[in-house]
Amino acid sequence: MSKLDLFNNFPNVNRQDWQSLVEKGLKGAAIESLIKTTDDALTRGPLFTQDDRPDAVAPLARSATPLLDGRPWHIAAIARQSDINLANQQILEDLSGGASAVRLTLGTNGIKAQSHNDIKRLFDKVHTNLIPIIIAPNNDIENQHLFHAYHNTHLYLGLGPKTDGLNELLQNCPKTWQLITIRASRVHNTGGTDAQELAYFAASAAYAFRHLGKNAARHIGVELTTDQDGHMSIAKLRAARRIYARIADSFGVDNAPLCLHAVSSNRMMQSTDPWTNMLRTMSAGFGAVIGGADFISLRPFTDAHDIQDTRETTPFSCRIARNMQLMMMEESHLGQVQDAAFGSYFHERMTESLAQAAWTEFQQIEQDGGIDNIGPFKARVKTAKDIRLQKNTPILGVNLHPIDKNSSAFRDTKIKGPQS
C-alpha cells in the first residue's frame, strides 16, 4: 500500500475550477443565486477560502467560571414557576437530572419571592454553595436583600449598568457575587439584528467602565441569544469576546474576563407546533457551545406554548432542555476543544464581519449619546424588525409544513410527555 500524502496526492484547484463545477450544477441559473445575506446585510458564502480569513486571529478562551468541576460549561436550568414550592421542586429535579446551575426569573413574570424566607423555601434541600445562582437580568437592586444570607454563594445578581445604587453595592458586595449582566438578549427578542445586539452590549459595557471604573471589570457579564442559525450564533458569541476585550483595553483593563450567558432565542419559539422547537433549540445549543458560552440556558420546547396559555412549564419539557445539553456534553463531547471554530474560514470571516458591523453600530449609539439616549437605537431595531417581517421567511411548523389543525396532535394542547 502506498503511503498517503495529504499534501501532494490531491490535485491543485482554484476558485475558477470550483465555479465551473457549480455553474454546471446550476444548469443555467446565476451563481449569484447562491449568495445569501444576513439581517445585517453581511454576505455569507457560498464559498469561503483561506483568502477570506482575517489576518490576525487567535483562539478565544472561556472565562474562569466557578464550580465547573471539569465540565466545559454550566447547564443553567430555567426556573420561573410563580409558585415557590413548584419552583423548588423543578430546581431539585433539574439539578438531579444533570443541570449544574440555576437561572431564576423573579418578580411579576416569575417566582413570587418577596422575602428572605421565600428564598429559603425556594432553595430548600438545594446545596447553594455548590452551584451558581443566576438572576435573570433586571434593574431591581432590592433583590440583593433577598440573598443577604448567601454571601458565600456564587450569585449573578443580574443588574443593569445603570441601576441606581450599583456603585455603592460594588464596593460592599461579597467576593463571590457578580453584579452586572447586560441584557443584550432583549435587543434580539424585540426584533434586532445580531450586530445590533452586540452593539447594545458594547455600549452598555462602555457605560459601566465609564461610570464605575476599572472595578467594574470583575462584575460585567452579558446575556446573548443563540437561535436556529447555529453557525451565526457561533460567530456572534466569538465576536462578543473580541469586542469586550477591545473596550476593556480602551479603559486600561488587560485580560478582562467576560462571563457569557447564552439563552436560546425567545422570538424563534413557535406555539403553533411546539414540537418543532426541539430542532431550533438544539441548533441554538450547538451555537452556544461552539461559540464558547460559560452558562447555557435552553428554553423548554413548549416555552411559547406555555406563556401563551399562561401555563406552567412541564417537567417533561424541562427534561428535554437539560438532555439536549447533556447529549452535546457527554455524548458528542462538543466542549472538549477550547475554540472549535478557530481557523474555520467561514466562522473567522463571519466573526470578523459581524464584529465590524457591531462596532459601527456601537459608534453610532455613542454618537447619539450612548445608552442614556437609546431612542434612536430603538428606532433602528424596529426598522430591522419590520424588514424581517416583510421577508416572510419560511418557519417550520408555521408556514412551512404546518401541522394539520384537525389532527389529534394539534388538539392535544396540554403536552405532558412521559414521566421524568
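Further up the page is the structure itself.
Along each chain, residue indices are assigned from 1 in the same order as the chain's sequence is written. A pLDDT threshold of at least 70 governs which residues receive local features in this predicted model, and a stricter bar of 80 or more applies before side-chain atom pairs are shown or counted, although totals over entire chains, interfaces and linings include all residues. With hydrogens and water excluded, all non-hydrogen atoms of the structure serve as input to the side-chain values.

K.L.:
What's the story with helix α13 (residues 375–391) in this structure? I'm lost.
P.N.:
In an α-helix, one full turn covers 3.6 residues, which means residues spaced three or four apart are oriented alike. Here α13 spans 25 Å end to end across 17 residues, near enough to the 24 Å set by a 1.5 Å rise per residue. Each residue is placed in one exposure class: buried if its accessible area under a 1.4 Å probe, protein chains only, is under 20% of its type's maximum, exposed if it is over 50%, and partly exposed if it falls in between. Secondary structure elements are defined from DSSP: runs of H or I of at least 4 residues count as helices, runs of E of at least 2 residues count as strands, and each element is numbered from the N terminus. For α13, the set of buried residues is Phe377, Val381, Ala384 and Arg388. The arc that holds the buried residues of α13, viewed along the axis, is 60°, so those residues lie on one side. Residues Lys382, Leu389 and Gln390 are exposed on α13 and point more than 90 degrees away from its buried face. We call two residues in contact whenever any of their non-hydrogen atoms come within 4.5 Å of each other. In this fold, the buried residues of α13 make contact with α6 (185–189), α7 (194–212) and α12 (345–367). Following α13 by one or two positions, asparagine 392 adopts a phi angle in the positive range, close to 55°. Expected span of a helix: the number of residues minus one, times 1.5 Å. The directions considered for the arc run from the helix axis to the C-beta atoms.

K.L.:
I tried to follow the packing of aromatic side chains on my own but got confused; where do I start?
P.N.:
One pair of aromatic rings is described through two measures. These are the centre distance and the angle between the planes. For Phe, Tyr and Trp, rings pair up if their centres lie within 6.5 Å, where Trp contributes its six-membered ring, and each pair is then called stacked (planes under 30 degrees apart), edge-to-face (over 60) or tilted (otherwise). One pass over the full model with this rule turns up 12 aromatic pairs. Taking 6.1 Å as the distance between ring centres and 25° as the angle between the ring planes, the aromatic pair formed by phenylalanine 201 and tyrosine 244 counts as stacked. Linking phenylalanine 201 in helix α7 with tyrosine 244 in helix α8 (residues 230–250), this pair joins segments that are 43 residues apart in sequence. The pair phenylalanine 201 / tyrosine 244 is uniform in exposure class, with both members buried. Three or more aromatic residues joined by ring pairs make a cluster, and in this case those are Phe201, Phe209, Tyr244 and Phe251.

K.L.:
Explain the pattern of salt bridges to me, please; I cannot follow it from the model alone.
P.N.:
Once the charged atoms of two side chains with opposite charge are near each other, the side chains can pair. Salt bridges, as used here, are contacts in which a Lys or Arg side-chain nitrogen is within 4 Å of a carboxyl oxygen on Asp or Glu. Inspection of the entire model under this criterion finds 20 salt bridges. The salt bridge partner of arginine 103 is glutamate 223, with a shortest N-O separation of 2.9 Å. Placement of the pair is arginine 103 in strand β4 (residues 101–104) and glutamate 223 in strand β8 (residues 220–226), with a sequence separation of 120 residues. Take arginine 103: its relative accessible area is 9%, and that puts it in the buried class. Glutamate 223 sits in the buried class, given a relative accessible area of 5%. Here glutamate 361 ties to arginine 380 by a salt bridge, and the two come within 2.8 Å at their closest N and O atoms. On the criterion of sequence distance, the pair formed by glutamate 361 in helix α12 and arginine 380 in helix α13 is long-range, its members being 19 residues apart.

Just geometry here; none of it tells us what the structure is for.
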